[in-house]
There are 2 protein chains.
Amino acid sequence: MANWENNIRKVVPYTPGEQPNQPDMIKLNTNENPYPPAPGVREVLRNMDTDTLRLYPDPAALDLVRAIADTYGLSDNQVFVGVGSDDVLAMSFLTFFNSEKPILFPDITYSFYDVWADLFRIPYERPVLDEHFHIRKEDYFGENGGIVFPNPNAPTGVVMPLSEVEDIVAHNQDVIVIVDEAYVDFGSQSALPLIEKYENLLIVQTFSKSRSMAGMRIGFAMGSPKLIKYLNDAKYSFNSYTMDRTALAAGVAAVKDQEYFCETCHKIIETREWTKKELSKLGFSFEDSKANFIFATHETCPAEDLFKALRERHIYVRYFPGGRTGNHLRITVGTREEMETFIGFLRDYLSE
Amino acid sequence: MANWENNIRKVVPYTPGEQPNQPDMIKLNTNENPYPPAPGVREVLRNMDTDTLRLYPDPAALDLVRAIADTYGLSDNQVFVGVGSDDVLAMSFLTFFNSEKPILFPDITYSFYDVWADLFRIPYERPVLDEHFHIRKEDYFGENGGIVFPNPNAPTGVVMPLSEVEDIVAHNQDVIVIVDEAYVDFGSQSALPLIEKYENLLIVQTFSKSRSMAGMRIGFAMGSPKLIKYLNDAKYSFNSYTMDRTALAAGVAAVKDQEYFCETCHKIIETREWTKKELSKLGFSFEDSKANFIFATHETCPAEDLFKALRERHIYVRYFPGGRTGNHLRITVGTREEMETFIGFLRDYLSE
């Protein structure tokens, strides 16, 4: 190792899901939305005055902040936007988790949390989910340096009732509590109403799932004006202009079309419920997911075998080998047609 | 202050230049390019299949990385891309500057360097520019935790000859040296050839200035495969998907049009040289800028008065009050027509 390598921050990076690109593939591996973005997004990009791209975007991203604030009944100063919810969460870890006490998040959860903690040298502890993959709220009542968990949790899809979320926040008013609601729009209740009551609660959401915009990189946080101010200070100390002009314009168009949003979320929920029934019939078991994926294990067939067989057929799901969840597959909910093909394949494969 | 505020990272953020938006304005305050992006950028956005926005972009941004690598005669593993060069630099500070010894950068330079150092708790020292605003290379020969400087420097526009850049790198082979070449395409020599010789040298450039894409947020770094790998590891530990699908497509289109790039850079250089002559005639003095801006002071009229008078006429330039440069204006080079209006206004104003 050269001397210049001594002062490099060495990390074990997060491994994003594979992004295969085959014409006949059924891509159920990274929780994308099977439906295209709202029609207005297309119009906005088609009609964009590309000459303006020579100019910096609005560093405050005010058009987008305001469109989100309007949608959720908030003021502009309660909303922060970033380059996907990963950017928002990374910035939140950097801004809010500077205690010497460990932050807390579940042992089975979004696998980026420990990566951010390691990157920023934040100590952490990981309370163990119960045998049904549920978060035990009492595990979060002790002293800590901050809390973060997804609701619904990933990759389990399990929802914590709002009353329990509030219990956790109420027990932790001296630290920042982040609820990562990447999947909340697929049928569970947001903790958003609690931000008026708890100044230390941050809700993070994304356009990548329910708004069909993973490719545009838009995430946002909602919280008290004080929290949002701290977050913006850190953002302006990292990169003043995070959101490009196309993302700002497309984001506004997407968030304004509530009808399309509700319609596509509804279709995904219907397809998810249908898929659950079919998976049960085939001998799969899973906790009741309220996300746009199902985290399932089969009574006899190993997850790894299923993963490989599906992959050969160009059906991509996510498989996390090892540990308590090593025999599970995380299956994104696609269109009804895609899920029929998927179920059909499993039916044939399992009856061979 | 509430208890939860105790562990927040408190920072004094960077203040970006104002982004006014008036129909008749002449915007010479944030070093944007007065010409639109290459024609291919427009086509790419017009013809974009917006349905694909539902899918994550390529986390490795390979199309863009390859287009840049091809342009500069490099391999893919020598190029890193980010959300503007600010993102690339922020990530570089986080990755490379983890020594307990101070990093070094000039006292008068891009005002984001000390902000990043403060954000990441990196100690720093700021060697003083000489009386002509030139970097004294010997100031960078002592022990340090890393080095960063722009070449040409901002806001002065002063260029350090390549031999001196190499002298600095040669004296600092145990730390990372970053040369921030945001303005290099306007007539100075890049240190790029040195990356084959010095594994610890990182060159950072941007699409925001010479490629007319400030609004798309694209920056890049070039260096040894080892450096780029460390940078990517940190990036994958922060946000896997930084570049959205429109930025990737538009970036490729921009970098492939070398003819348009050369033509617009050439026009800006010509206009800069014309503006220098006119400013001299009006009693301004300045070091010889090789950037797309001129950092000038007037023999009798205070910079603040000029700044305000110009502003009333909706001509925006940048003014940094205080210190050794407090009587200077940083004037971005616009189109020839814009600069004629600007010079005409100054002529009238100064003869009043």
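Calculation notes
- Residues numbered from 1 in each chain as written.
- Chains lettered and ligands numbered in written order.
- Predicted model: local features only at pLDDT ≥ 70, side-chain atom pairs only at ≥ 80, totals over all residues.
- Heavy atoms only, no water.
- Pairing = 2+ DSSP bridges.
- Helix = DSSP H or I, 4+ residues; strand = E, 2+ residues; numbered from the N terminus.
- Contact = heavy atoms within 4.5 Å.
- Axes fitted to C-alpha atoms, helices over the stretch in contact; angles between N-to-C directions.
- 1 Å grid on protein atoms, 1.4 Å probe; cavity = no way out; pocket = protein on both sides within 12 Å on 5 of 7 lines; lining within 4 Å.
- Points joined across faces, edges and corners; volume = space filled by probe spheres on them.
- Nonpolar A, V, L, I, M, F, W, Y, C, P; charged D, E, K, R; others polar.
- Expected span 1.5 Å × (residues − 1).
- Buried < 20%, exposed > 50% of the residue type's maximum accessible area, 1.4 Å probe, protein only.
- Least-squares fit on C-alpha atoms with pLDDT ≥ 70 in both.
- Buried area = accessible area lost by both parts, 1.4 Å probe.
- Salt bridge = Lys/Arg side-chain N within 4 Å of Asp/Glu carboxyl O.
- Polar contact = N/O pair within 3.5 Å; in protein donor to acceptor, adjacent residues only side chain to side chain.
- Domains from an automatic or database assignment.
- UniProt positions renumbered as here; feature names shortened; annotations may be inferred.
- Parallel < 35°, antiparallel > 145°, perpendicular 65-115°, else oblique.

1. A look at the sheet that holds strand β9 (residues 284-286) of chain A
Residues and elements named next belong to chain A. Spatial strand order, β9-β10-β13-β12: 4 strands in an open sheet with antiparallel pairing. With one partner strand each, in any of the chains shown, β9 and β12 (318-319) form the two edges of the open sheet. Relative to strand β13 (residues 329-332), strand β10 (residues 293-298) runs antiparallel, the two being bridged by 4 bridges. By the bridge assignment for β13, A296 is matched with L329. Running at roughly 130° to β9, helix α8 (residues 258-281) makes contact with β9, β10 and β13 of the sheet. Each of β9, β10 and β13 touches helix α10 (residues 336-351); the most contacted strand, β13, lies at about 145° to it.

2. Points about empty space enclosed by the protein
Rolling a probe over the atoms, with the probe sized like a water molecule, indicates the empty space that remains. Following the criterion strictly, the structure yields 6 cavities of 30 Å³ or more and no others. Around the largest cavity sit 14 residues that line it, and V83, T242 and D244 of chain A together with T242 and D244 of chain B are the ones nearest its centre. Grouping the amino acids of the lining of the largest cavity by side-chain chemistry returns 8 nonpolar, 2 polar and 4 charged. Its volume calculated, the second largest cavity comes out at about 70 Å³. Lining the second largest cavity are V83, D87, M91, F238, N239 and T242 of chain A together with V83, D87, F238, N239 and T242 of chain B. Tallied by class, the residues present in the lining of the second largest cavity amount to 5 nonpolar, 4 polar and 2 charged.

3. Topic: helix α6 (residues 225-236) of chain B
Look at α6 of chain B: 16 Å from first C-alpha to last across 12 residues, which is about the 16 Å you get at 1.5 Å a residue. Among the residues of α6 of chain B, those classed as buried are L227, I228, Y230, L231, D233, A234, K235 and Y236 of chain B. Tucked inside the fold, the buried residues of α6 of chain B contact α4 (113-119) of chain A together with β2 (79-82), α3 (84-96), β7 (201-206) and β8 (219-222) of chain B.

4. Some details on the relation of the copies chain B and chain A
When chain B is brought onto chain A, the operation consists of a screw motion whose angular component is 180° and whose axial shift is 0.0 Å, with 0.0 Å RMSD remaining. Put plainly, the chains are arranged around a two-fold axis. No C-alpha of chain B lies nearer the rotation axis than that of R46 of chain B, which sits 2.4 Å from it. Both copies contact each other with a shared surface, as 100% of the interface residues of chain B are interface residues in chain A too.

5. What about the interface of chain B and chain A?
Note: interface size is frequently given as the accessible area lost on complex formation between the parts. Contact with chain B, which involves 83 residues of that partner, is made by 83 residues of chain A. For the pairing of chain B and chain A, the buried interface totals around 7,200 Å² over both sides, and the portion due to carbon and sulfur atoms is 58%. Counting across the chain B and chain A interface gives 2 salt bridges. Residue K226 of chain B pairs with E5 of chain A through a salt bridge whose shortest N-O separation is 2.8 Å. The interface formed by chain B and chain A holds 48 residue pairs in polar contact (both at pLDDT 80 or more) in total.

6. Observations concerning the domain arrangement of chain A
Residues and elements named next belong to chain A. We note that the domain assignment places domain 1 (28-36 + 259-351) and domain 2 (39-257) within chain A. Across the boundary between the two partners, domain 1 contributes 27 residues, which contact 30 residues of domain 2. For the pair domain 1 and domain 2, the summed buried surface comes to about 2,200 Å²; carbon and sulfur atoms form 60% of the total. Area buried by domain 1 at its contact with domain 2 is led by F261, E287 and R324, which between them contribute 30% of it. The tally of links from domain 1 across to domain 2 stands at 1 salt bridge. A salt bridge links R324 to D107; the nearest nitrogen and oxygen atoms lie 3.4 Å apart.

7. Brief notes about the UniProt feature "modified residue: N6-(pyridoxal phosphate)lysine" (unreviewed entry) in chain A
Per the UniProt record, "modified residue: N6-(pyridoxal phosphate)lysine" (unreviewed entry) is annotated on K209 of chain A. Structurally, the position occupied by K209 of chain A is in the loop between β7 (201-206) and β8 (219-222). Not counting the four nearest positions on each side in its chain, K209 of chain A is found in contact with T30, N31, N33, A182, Y183, F186 and N292 of chain A together with Y56 of chain B.

8. Some remarks on the packing of helix α8 (residues 258-281) of chain B against helix α10 (residues 336-351) of chain B
Think of two packed helices as two axes; the pair is described by the angle between the axes and how far apart they sit. Residues and elements named next belong to chain B. The geometry of α8 relative to α10 is characterised by a closest axis approach of 10 Å and an angle of 10° between their N-to-C directions. When the interaxial angle is binned, α8 and α10 end up roughly parallel. Along the contact surface, α8 presents T271, W274, T275, E278 and L279, while α10 presents R336, M339, E340, F342, I343, L346 and R347.

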